[in-house]
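An overview of the molecular structure
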Amino acid sequence: MRVARNLTTRLGVALGAAVLALGVFALVLAIDGARTQVERESARSFDSAAAVAALVLQQDFATVERTLGEMLLSTTLVDAILGGDRDGATAQLRRLRGLDKRGLFDLLVVAREDAPTWIAAGLALQPAPGMERLGGGALAREWDLLDDGQHIVLVHSLPIADPASGRVVGHLRGGMQLDGNLPLLNRIRTAAGLEAAGLLFNDRLIAAVPPDAAAALEGNGSAGLRVARRPAALPGTHGALQVVMALPAGAQATWTFSGRIALFAVAVAAVLLGLFTLLARQVTVPLNALAREARAITAAPEQGLAVPRGHAEDEIGSLVASFNQLVGSITTSERRFRAAFEQGFLLTGLLARDGTLLEVNRAALEVAGARAAEVLGKPLADGPWWRDNAPQRQRLLAALEAAADGHSCCFEATHPSAGGGVVTVLFSVTPVELGAQRQILAAALDISDRVRAEEALRRQSALLASLLDSLPDLVFFKDTSGVYMGCNPEFCRFVGRTREEVVGQRAAAVFDAATAHAHCSNDDEVLRDGQWRRKEDWFVDADGQRRLIETLKAPMRDPDGRLVGLVGVGRDITERHLAEARIHSLAYYDALTGLPNRRLLGERLTLLCEGDQRVVGHAALLLIDLDYFKLLNDTQGHHVGDRLLVEVAARLRVHAREGDTVARLGGDEFVVLAHGLGDNAQTAAASAERIAEEIRSALGVPYPLGGREYHGSPSIGVCVFEAGEAVAEELLKRAEVAMYAAKAGGRNAVCTFDPQMQASLSTRADVESELRAALRDDQLRVYFQPQVQGGRLIGAEALVRWEHPQRGLVGPAEFIPVAEESGLIVPIGERVLEVACIWAQRWQVLGGAQAPVVAVNVSARQFRAATFVPSVAAALAQSGVDPGRIKLELTETVVLENVDDSIARMQALKALGVGLSMDDFGTGYSSLTYLKRLPVDQIKIDRSFVRDLPDDQNDAVIVRAIIAMAASLGLEVLAEGVETSAQQAFLEAAGCVRMQGYLHGRPMPPEALEALLGSD
């Protein structure tokens, strides 16, 4: 029995140990299987991250190669190299760098084949002394790495050939700072959850993130890291540049952990050999449960293993915890891989070596509008992205074949989108090694926005170029050193050069020295202050014409805000300038004489009156009016009058003092504004009168007009005032009053304004105001002075009197001049004519054929009024008088002011039936020629010739001549102002029997004249 029990115990222990060993072995196999599956997924994430980084770099390399090739199309660059023109080559590089749309170039160099160093450089990064290999001759490879201790530059070199001979004359080299790609690598490393990333060139580590991971990356897996390399193939090379990345340490611990599990299992088996069957059961059962869970863990690794009951603190619990930690690390890595794989901006797929699509991300499916089941397991080339575009499908097949052979490549393609549009992508295929199996990672970066932006930029650039070329303005661009970077055709036309002759040159090579200095005078100011500036300068264009150019210059900045030069826009404003000058001249200067006009005189006079600081003391205003100018105009013509005005203006300029203003107010009126006459009023007045006398004498010198001399004279009014204490309009009025006083004094005189004249002005204003009231209140009375022949009443002259309510009866001498100046003479004349017609009709009824003829004086304003003839007709019609009983008296001055118009009006009056008399005959300048043309019936000898008869022999001769001339023309003669019997006897003896004057009766009311008519 004891033997049996021992045997049973031994068998139980052996059986327990065997079960335990089998359980531990099953657990190890399950864990190792899970590790292998998760490690495979982690490797995919690892390889895709490196492939994405390589893809982006390859795209940049391809763009660098393509852009350099486009730059080589510039023949001007070849010409600059052949001619050794460093400045020309530099200018071409600055122009060509505009082809670098993405800003990839950090270095752009042109080197001659036979030169030891470069001859031109561009962009921000300048070649440093450590980069001697940028000079003449070819580099070791088309792609080479240059390191000056500060920058690591990957340089691509292309030969420049002479188009004529095909000989290589230089090299165009463009470089990218590889250390500038570290931010991109770091973003990809972080997104994929990798430990470190870097770049290798010819197996030499040139950049790493983070920096302290350099040693681990160079060691190719030291410090517990697994390092993988992926080629970022340069065009035309294989493997020269590689992307290197390292997995985190936790993902590499699987094998070490498996070893610990095996040792732990042996130790457990050895200990359990000494345990009892009960203890064997307690260990074996939990291990078997763990083995079952471990086999199922690959389906749901995130759940982990559950700790068997009662084993939380022993080795089994520790084993479960370590296993769950490993599973969690691998799960996190898988999630990171999936996140990178499913990023929306990347269209990513994993392919078998034969091109069959194994996995595809959601973005790729959304673009094609397909489901995963429709594309997985089928050739990528047959997918909806490629099947409708045969050329692109062929390129894909060639790329997949190259990837199957271990080569990466990329190209641009277009895919139809689910929305009906087209998506442009940068497609790349990269071989990846997953365990012992080669697969292909395909990635398509959606560059539709970039392509549209580049197309929009191209269109915008073309539009801008078209706009610049079509602008009529001069447009140019300069760099900060003053070298022209570009210009439009209008600028080229203006300077007489082609665009190629301007670009790369300074202003001194385009313009003459003086013009270049003016053109660049404010360049430094614009570049220094960073503000726009406007300037006007005179230039000489290519045709030798002087042109006024308004130039607006503004600073130019690059996208980073750095000052790179200036832009200038010039506009030809010559015509505008001339037009403004003409407008200014028309606005402020007299067109005939070129003197300042009334407006400019007013501004200068106002400035003087308001206290111009440059003028102190007294000043004087001289108003000059030419005597009898209107008569010259009417008799000789306006062209002769204009010649006189021009000559007068020239004489005034000569005799006016320097600094004084000579102006023409209009007509025959001129003004001299003299200042600086001193502080003493009397001294200033004497100086002003002296200036006026000098001018009067100068203007009195005969003028040669039309082949004969004209003797003219001025009447000058002087007004002296103190600067800063006067009103401009008041000064002109005072000077005008003084000028009229000079005319009233006999003309050809100088008269200075004094306070008495001011009083006269005030009196005149009062008279005008009261005269208006007199018209309104019917205060004017019509008196009649008899006209006799042989003692018999034959007529009467109607004369107006003012019955003033305070002053009594006012004679015409006090108010008629005011009425003439104010224009009130027209309504007064009309009123007198109406009253005269009424009384003439009354006397016609009373006297019949013996009724007197009533004479009515007509003023100049009344005669020239357009309503005069109709008003006469209306007065005749309203009164009913016989028109033959009315005689209108016109003075010589009125009639000769415009002879033709006067004759036409007089003939219209004669047609009404009224008689016409020439009043004040002999005082004017009538000629027999005009007198024969005038339709007058009577001549009245002026009282100035009758007053001294018969004693004054001159007057006697004139009177006899007038009487004889009238008789020869068949005209009546009437002498006015007859006051003595001797005068009457002389006139009767001379043949004048019609008389008017105090000898035969003073002016009287109509009732008194009617009484005379009755007694007669």
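Residues numbered from 1 in each chain as written. Predicted model: local features only at pLDDT ≥ 70, side-chain atom pairs only at ≥ 80, totals over all residues. Heavy atoms only, no water.

Our focus in this paragraph is the overall build of the protein. Counting its regular elements, the protein contains 35 helices and 35 strands. In the protein, which comprises 1016 residues, the share counted as buried stands at 48%. A total of about 48,600 Å² of accessible surface is found on the protein, and carbon and sulfur atoms cover 53% of it. (Helix = DSSP H or I, 4+ residues; strand = E, 2+ residues; numbered from the N terminus. Buried < 20%, exposed > 50% of the residue type's maximum accessible area, 1.4 Å probe, protein only. Areas by Shrake-Rupley, 256 points an atom, 1.4 Å probe, with all protein chains shown as cover.)

A few words now on the pairing of strand 5 (residues 168–177). Here strand 5 lies mainly inside the structure; 9 of its 10 residues are buried. Relative to strand 5, strand 1 (residues 107–112) runs antiparallel, the two being bridged by 6 bridges. Each residue of the ladder has a partner; that of Leu108, found in strand 5, is Gly174. Of the strand pairs in this sheet, strand 4 (residues 152–161) and strand 5 are connected by 9 bridges, and their pairing is antiparallel. Considered in strand 5, the bridge of Ile160 is made with Gly170. (Pairing = 2+ DSSP bridges.)

The next point concerns the packing of aromatic side chains. Aromatic ring pairs: the centre-centre distance and the angle between the two ring planes describe each pair. What the rule picks out here adds up to 10 aromatic pairs. With a centroid separation of 5.8 Å and 35° between ring planes, the pair formed by Trp839 and Trp843 is classed as tilted. A residue pair is termed a helical-turn pair when its members lie 3 or 4 positions apart in one helix, as Trp839 and Trp843 do in helix 26 (residues 825–847) at 4 residues. Considered together, Trp839 and Trp843 belong to a single accessibility category, that of buried residues. A network of ring pairs unites the aromatic residues Phe476, Tyr484, Phe491, Phe511 and Phe539 as a single cluster. (Phe/Tyr/Trp six-rings, centres within 6.5 Å; stacked < 30°, edge-to-face > 60°.)

With antiparallel pairing, 5 strands are arranged side by side in an open sheet as 16-15-19-18-17. Each end of this open sheet is capped by a strand with a single partner; those strands are strand 16 (484–487) and strand 17 (533–540). Here the strands of the sheet are splayed against their neighbours by 25° on average, with no regard to which way each runs. Pairing of strand 15 (residues 474–479) with strand 19 (residues 563–572) involves 6 bridges; the strand directions are antiparallel. The residue bridging Lys478 from the neighbouring strand is Leu566, located in strand 19. Helix 18 (residues 574–588) rests against strand 17, strand 18 (546–557) and strand 19 of the sheet, and its axis sits at about 125° to strand 18. (Axes fitted to C-alpha atoms, helices over the stretch in contact; angles between N-to-C directions. Contact = heavy atoms within 4.5 Å.)

Our next topic: the sheet that holds strand 25 (residues 714–722). Reading across the sheet, the 5 strands line up as 21-22-20-25-26 and stay open at both edges, with mixed pairing between neighbours. The open sheet has two edge strands with one neighbour each: strand 21 (661–666) and strand 26 (750–752). Recorded for the sheet is a direction-independent mean angle of 20° between the axes of neighbouring strands. Its contacts with the sheet put helix 22 (residues 681–699) on strand 20 (618–626), strand 22 (669–675), strand 25 and strand 26, and the angle it makes with strand 25 is roughly 160°.

With that settled, consider the state of the cysteines. Here, the word disulfide means a covalent bond between the sulfur atoms of two cysteines. Under the definition given, this model contains 0 disulfides. Of all cysteine sulfurs in the structure, the one in Cys410 sits closest to Cys409, which takes part in no disulfide; the separation is 7.2 Å. The closest cysteine sulfur to the non-disulfide-bonded Cys492 is located on Cys487, 3.4 Å from its own sulfur. Residue class for Cys492 comes out buried when judged on its relative accessible area of 10%. (Disulfide = S-S within 2.5 Å.)

All right, on to the confidence of the model for the protein then. Summing up the model confidence of the protein, the mean pLDDT is 78 and the portion of residues at 70 or higher is 75%. Contacts from residues 249–264, a stretch scored under 50 in pLDDT, to residues over four places away or in other chains number 23 contacts. (pLDDT = per-residue confidence, 0-100.)

Mapping Ala741 onto the fold places it in helix 23 (residues 728–744). For the pair Ala741 and Gly717, spaced 24 residues apart in the sequence, the C-alpha separation amounts to 7.7 Å. For Ala741, the residues in contact, after removing those within four places along its chain, are Cys751 and Met757.

With that out of the way, let us pick up the side chain of Arg885. Tracing the backbone shows Arg885 in the loop between helix 28 (868–879) and strand 31 (886–891). Asp882 provides the closest opposite charge to the buried, salt-bridge-free Arg885, at an N-O distance of 4.7 Å. Within polar-contact distance, the side chain of Arg885 engages the backbone oxygen of Ala851 at 2.6 Å. The contact partners of Arg885, leaving out residues within four places of it in the chain, are Ala840, Gln844, Gly848, Ala849, Ala851, Pro852, Val853 and Val854. (Lys, Arg positive; Asp, Glu negative; His and termini not counted. Salt bridge = Lys/Arg side-chain N within 4 Å of Asp/Glu carboxyl O. Polar contact = N/O pair within 3.5 Å; in protein donor to acceptor, adjacent residues only side chain to side chain.)

The next thing to look at is the side chain of Arg651. Within the secondary structure, Arg651 sits in helix 21 (residues 638–655). Excluding residues within four positions of it along the chain, Arg651 makes contact with Ala698, Leu699, Val701, Pro702 and Tyr703.

A few words now on unusual backbone geometry. Omega for the bond connecting Val209 with Pro210 falls within 30 degrees of zero, at -10°, which places this linkage in the cis form. With respect to the helices and strands, Pro210 occurs in the loop between strand 7 (204–209) and helix 5 (214–218). For the bond from Leu949 to Pro950, the omega torsion is 0°, close enough to zero to count as cis. Residue placement: Pro950 occurs in the loop between helix 32 (943–946) and helix 33 (953–969). Here the phi dihedral of Arg747 falls at roughly 70°; this positive angle occurs in a residue that is not glycine. For Arg747, the position within the fold is in the loop between helix 23 and strand 26. Looking at Arg747, the relative accessible area reads 32%, which means it is partly exposed. The phi dihedral of Asp778 falls on the positive side, at around 60°, and the residue is not glycine. Here Asp778 lies in the loop between helix 24 (755–777) and strand 27 (780–789). A relative accessible area of 35% places Asp778 in the partly exposed class.

Here we take up a nonpolar patch on the surface. Nonpolar side chains collect at one region of the surface, where Trp532, Leu552 and Val569 lie side by side and expose about 280 Å² of accessible area between them. Topologically, Leu552 is positioned in strand 18. Residue Leu552 is classed as partly exposed on the basis of its relative accessible area of 39%. (Patch = residues over 30% accessible without salt bridge, like charges linked within 9 Å, V, L, I, M, F, W, Y side chains within 5 Å.)

Its place among the elements puts Tyr484 in strand 16. A sequence separation of 15 residues divides Tyr484 from Arg499, and the C-alpha atoms of the two residues are 9.8 Å apart.

In the structure shown here, the tally under the stated rule is 43 salt bridges. The salt bridge partner of Arg664 is Asp590, with a shortest N-O separation of 3.1 Å. Taken together, the residues Arg664 in strand 21 and Asp590 in the loop between helix 18 and helix 19 (598–609) connect sequence positions 74 residues apart. A salt bridge links Glu972 to Arg994; the nearest nitrogen and oxygen atoms lie 4.0 Å apart. Residue Glu972 is found in strand 34 (residues 972–976), and its partner Arg994 is found in strand 35 (residues 994–996); the two are separated by 22 residues along the sequence. Here the salt bridges share partners, and the residues they tie into one network are Glu525, Arg528, Asp529 and Arg533.

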